[in-house]
Amino acid sequence: DSGVTQTPKHLITATGQRVTLRCSPRSGDLSVYWYQQSLDQGLQFLIQYYNGEERAKGNILERFSAQQFPDLHSELNLSSLELGDSALYFCASSVDTADSPLHFGNGTRLTVT
Amino acid sequence: GENVEQHPSTLSVQEGDSAVIKCTYSDSASNYFPWYKQELGKRPQLIIDIRSNVGEKKDQRIAVTLNKTAKHFSLHITETQPEDSAVYFCAAHYSGYSTLTFGKGTMLLVSP
């Protein structure tokens with residue numbers, strides 16, 4: 001168990017809908033990262049938050065947004081969903097910056113039908 | 001920004017053989033190089049990491065080597081076992097960024 005909790009584990013929704021993925025980092029970790037992994041694809045970095053503030057942005061679509069709350073949990077919001085958004089979404093946390101080990105949650109598998 | 005190339009994309013070995021996966025990075029200011037193992041349908045898990053001030057690190061059957069001059073690092077697995085079968089990702093942290101850049105992964109298949 002990595003100590004990073006992601007909910008829900010599975011999500012099935014229709015095109016055009018909006019969903020929210022939730023992540024609680026390991027106790028003591030201030031940084032939260034979101035990654036997208038499509039079938040047979042690598043880990044695509046979406047966005048990072050550090051202690052409530054956005055720290056870095058990757059290949060995140062404008063339809064996607066995220067935030068980190070005062071209790072350090074984070075939410076990733078995906079809207080106007082398309083079939084191509086179907087993927088495994090991982091949250092990871094680290095103590096501070098990415099030169100400390102990243103600990104991944106078990107992921108949320110999103111299926112858009 | 002940082003770019004990480006990983007080879008091979010797939011690797012098949014017989015149980016007991018050694019496996020080597022290589023990665024190259026683009027930015028000489030990179031200072032941290034972790035390796036992650038991802039079993040099918042599961043989360044990536046850190047298996048070993050190395051920092052730029054170290055040339056080699058070992059943990060039982062797993063070792064990582066770093067050549068800063070050539071800007072490449074490698075994962076070595078000895079005495080492979082079927083449970084080593086997974087996708088392995090290398091990554092590099094460039095000190096100018098706050099995130100890791102991952103390679104595209106290597107699918108390792110160890111046959112009994």
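Peer 1: Before we move on, can you summarise the interface of chain A and chain B with the specific residues and values?
Peer 2: Taken together, the contact pairs 21 residues of chain A with 17 residues of chain B. Buried area between chain A and chain B, both sides added, is near 1,600 Å², and the carbon and sulfur share of it is 58%. Between chain A and chain B we count zero salt bridges in total. For the pair chain A and chain B, the number of links is three residue pairs in polar contact (both at pLDDT 80 or more). When contributions to the side of chain A that touches chain B are tallied by element, the ones reaching two or more residues are strand S4 (31-37), strand S5 (44-50) and strand S6 (53-57) of chain A. At three residues, the largest contribution of residues to the side of chain A that touches chain B is made by S4 of chain A.

Peer 1: Run through the packing of aromatic side chains, naming residues and quoting values.
Peer 2: Residue and element names in this part refer to chain B. Applying the stated criterion across every chain yields a total of twelve aromatic pairs over all chains. With a centroid separation of 4.9 Å and an interplanar angle of 50°, the aromatic rings of Phe33 and Phe73 are classed as tilted. Of the two residues, Phe33 sits in strand S4 (residues 30-38) while Phe73 sits in strand S8 (residues 72-77), which places them 40 residues apart along the sequence. Take Phe73: its relative accessible area is 0%, and that puts it in the buried class.

Peer 1: Residues and numbers for the sheet that holds strand S8 (residues 74-78) of chain A, please.
Peer 2: Residue and element names in this part refer to chain A. In spatial order, the strands read S1-S3-S8-S7; together these four strands make up an open sheet with antiparallel pairing. Each having just a single partner strand, strand S1 (5-7) and strand S7 (64-68) make up the two edges of the open sheet. On average, adjacent strands in this sheet sit at an angle of 15° to one another, irrespective of strand direction.

Peer 1: Residue-level account of the pattern of salt bridges, with values.
Peer 2: Residue and element names in this part refer to chain A. Under the counting rule described, the total for this entry stands at six salt bridges over all chains. A salt bridge links Arg26 to Asp29, with the nearest nitrogen and oxygen atoms 3.0 Å apart. What makes Arg26 partly exposed here is its relative accessible area of 24%. On the basis of relative accessibility, which here comes to 1%, the residue Asp29 falls in the buried class.

Peer 1: So what about unusual backbone geometry? Which residues, and what values?
Peer 2: For the peptide bond that leads from Thr7 of chain A to Pro8 of chain A, omega is -10°, which places it in the cis range. Along the chain, His7 of chain B connects to Pro8 of chain B via a cis peptide bond; the corresponding omega equals -5°. Of note, Pro8 of chain B is situated in the loop between strand S1 (4-7) and strand S2 (10-14). Unusually for a residue other than glycine, Asn51 of chain A sits at a positive phi of about 50°. Overall, Asn51 of chain A belongs to the partly exposed group, its relative accessible area being 46%. The backbone of Glu79 of chain B shows a phi angle near 45°, a positive value even though the residue is not glycine. Inspection of the secondary structure puts Glu79 of chain B in the loop between S8 and strand S9 (86-94).

Parameters and conventions
Just so you know, the residues in each chain are numbered from 1, in the order the chain's sequence is written. Labels are handed out in written order, letters beginning with A for the chains and numbers beginning with 1 for the ligands. Given that this is a predicted model, residues contribute local features only at a pLDDT of at least 70 and side-chain atom pairs are listed and counted only at 80 or more, while totals for whole chains, interfaces and linings are drawn from all residues. In computing side-chain properties, one takes all heavy atoms of the structure into account and sets aside hydrogens as well as water. Residue contacts are counted whenever heavy atoms from the two residues lie within 4.5 Å of one another. Two parts lose some accessible area (1.4 Å probe) when they are put together, and adding that loss for both gives the buried area. Here, a salt bridge means any Lys or Arg side-chain nitrogen found within 4 Å of an Asp or Glu carboxyl oxygen. Under this definition, polar contacts are N or O atom pairs within 3.5 Å; protein pairs additionally need one hydrogen-donor-capable and one acceptor-capable atom, and for neighbouring residues in sequence, both atoms have to be side-chain atoms. Secondary structure follows DSSP: runs of H or I at least 4 residues long count as helices, runs of E at least 2 residues long count as strands, and numbering of each begins at the N terminus. Put simply, two rings from Phe, Tyr or Trp (the six-membered ring, in Trp's case) pair if the centres are within 6.5 Å, and we call them stacked under 30 degrees between planes, edge-to-face over 60, tilted for the rest. Type-normalised accessible area, obtained with a 1.4 Å probe on protein chains alone, sets the label of each residue: buried when under 20%, exposed when over 50%, and partly exposed for intermediate values. Only when DSSP finds a minimum of two bridges between them are two strands counted as paired. Orientation is described by axes fitted as lines to C-alpha atoms, over the contacting stretch for helices, and by angles from 0 to 180 degrees between their N-to-C directions.

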